[in-house]
Number of protein chains: 2
Amino acid sequence: MSASSIRARVRAEMLDEIKAVARRHLATDGANLSLRAVARDMGMVSSALYRYYPSRDDLLTALIIEAYDALGAAVETADAGADQLDPRGRWHAVCRAARDWALAHPAEYALLYGSPVPGYAAPDDTLGPALRPPVVLIGILRDGLAAGRVTAPDPEELPEPLRADLAEIAAAIAPGLPEALLARVMAGWTQLFGLISFELFGRIKRTLPHRAEYFDHQTTLMADLIGLPR
Amino acid sequence: MSASSIRARVRAEMLDEIKAVARRHLATDGANLSLRAVARDMGMVSSALYRYYPSRDDLLTALIIEAYDALGAAVETADAGADQLDPRGRWHAVCRAARDWALAHPAEYALLYGSPVPGYAAPDDTLGPALRPPVVLIGILRDGLAAGRVTAPDPEELPEPLRADLAEIAAAIAPGLPEALLARVMAGWTQLFGLISFELFGRIKRTLPHRAEYFDHQTTLMADLIGLPR
DNA sequence: GGAATGCAGAGAGCGGTGCTCTCTATTCGT
DNA sequence: ACGAATAGAGAGCACCGCTCTCTGCATTCC
């Protein structure tokens, strides 16, 4: 049993090392990851790599899950490091953490939030890790609501069918959160994603030198929209 | 000269036909467009295609420009069809037109706003067409400002270096627009892109059946943030 | 302890890709 | 009518994902 576990352990290490090499390739060559190149880098022949990952998509999936978890962890520790009674401070901490992570890992960010690879369908394993950043945002609002520092907008602003949809989402990942507030935090999450994507993919770079200030101002606008107290 | 123009014309038709076939392939197979497959579809051998497009990236660039122009035209006609004195109506018309176009041409939208192809750098030809949608949004605000229906936010909310950046952008594509208002329309444009991308790339689909209502509500929130009169 | 089993890796090979080079036939300009 | 430019065909290079077979070696079982 211990003898069997040593083989299992070396196998797990192999899986990790392949992922690490693949991540390095991802950073330099972008999303068109080549199994053969990874194998070459490890001194193996490409067919040997199929003992560990049955296909290129499976390796990609492993990288995606890892990246989601890394982003989620970065966001969560940033939130935990902020004053828990200051919703706006937490909001900005989380936004900045997401941006910093994306700037530090552009290829992995593109893997997560870029256009999906044509033949590739993300398996359900990725669903949980993908939810970690928005769940953190929801947590900020829930705490703010409980502390009386955040007030829910008028629910009348939502058309009925939409309110039902949002209620269902709230029941799943944001129990107790008013639908109108959920809609606003979703707006904030969408904006955060859009901001990072534009900065990373677009050509804002040359025309907007003070990107950090721009980012902070835009997230401030969204904090106002959500209703976080100043 | 007319004799030369007939050869030139048949060449132009060839360029267009290749683009059309490529666009069809794009719609079905996604972004991993294959030159050989396109050539096969046209009854040619792949090397012959290189007489028209020197590389796969050049063909992609042609498709990208075409797509930018199609989206820009859709957005512009939607804006022109709305009551010019109603900023909010124009805003919603433009947002819906962009979403409709994206839903009708998902692969082309992904080409424009998805993660960039690793080796590919967008040439400057794409810069002008890419600006058409945000320029339309800016036009709405400028007209609203001139008609006194939109008021500029307090410029104090902008830190100084950011204001200088925004002033430069305004000078280039939005002359006369106050910097703080430019910042808000950029927020709206970012949000619009984020909304469409999430709907197209993400997995909102199964959990949010009433997507059109959700989209309208989110764009309404942004119209409020920008300060468009109800 | 020795045999049976399972697994890691190597190698060859298939069909696909982007792209280059050479060659031929047709068409254009003069 | 003749030289030049052009379109297309074909072969070929290096790469890709993936499959199959075969060989050593470690593990497991009796």
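Residues numbered from 1 in each chain as written. Chains lettered and ligands numbered in written order. Predicted model: local features only at pLDDT ≥ 70, side-chain atom pairs only at ≥ 80, totals over all residues. Heavy atoms only, no water.

With an unreviewed UniProt entry as reference, chain A is termed WHG domain-containing protein, source organism Micromonospora carbonacea.

## Here we look at the interface of chain B and chain A
Each partner contributes residues to the interface: chain B has 48 residues there, and chain A has 48 residues. Summed over both partners, the interface of chain B with chain A buries about 3,900 Å², with 69% contributed by carbon and sulfur atoms. When the buried area of chain B at its contact with chain A is split by residue, F198, R203 and H217 of chain B rank highest and sum to 15% of it. Inspection of the chain B/chain A interface yields 0 salt bridges. Our count for the chain B to chain A interface comes out at 7 residue pairs in polar contact (both at pLDDT 80 or more). Listed by contribution, the elements that provide at least two residues to the side of chain B that touches chain A are α6 (106–113), α8 (160–173), α9 (179–201), α10 (204–207) and α11 (211–226) of chain B. When residues of the side of chain B that touches chain A are assigned to their parent elements, the largest contribution, 13 residues, is made by α9 of chain B. Here the side of chain B that touches chain A is composed, by residue class, of 27 nonpolar, 13 polar and 8 charged. (Contact = heavy atoms within 4.5 Å. Buried area = accessible area lost by both parts, 1.4 Å probe. Salt bridge = Lys/Arg side-chain N within 4 Å of Asp/Glu carboxyl O. Polar contact = N/O pair within 3.5 Å; in protein donor to acceptor, adjacent residues only side chain to side chain. Helix = DSSP H or I, 4+ residues; strand = E, 2+ residues; numbered from the N terminus. Nonpolar A, V, L, I, M, F, W, Y, C, P; charged D, E, K, R; others polar.)

## Regarding the confidence of the model for chain A
Averaged over chain A, the pLDDT score is 93; the fraction of residues at 70 or greater is 97%. Mean pLDDT in chain A bottoms out at helix α10 (residues 204–207) of chain A, which sits at 74, and peaks at helix α5 (residues 87–104) of chain A, which reaches 98. (pLDDT = per-residue confidence, 0-100.)

## Brief notes about the domain arrangement of chain A
Residues and elements named next belong to chain A. According to the domain assignment, chain A contains domain 1 (1–54) and domain 2 (66–226). With centres defined by C-alpha atoms, the gap from domain 1 to domain 2 works out at 32 Å. If you look at the interface, domain 1 gives 4 residues, while domain 2 gives 4 residues. Between domain 1 and domain 2, a total of about 430 Å² is buried, with carbon and sulfur atoms accounting for 65% of that surface. (Domains from an automatic or database assignment.)

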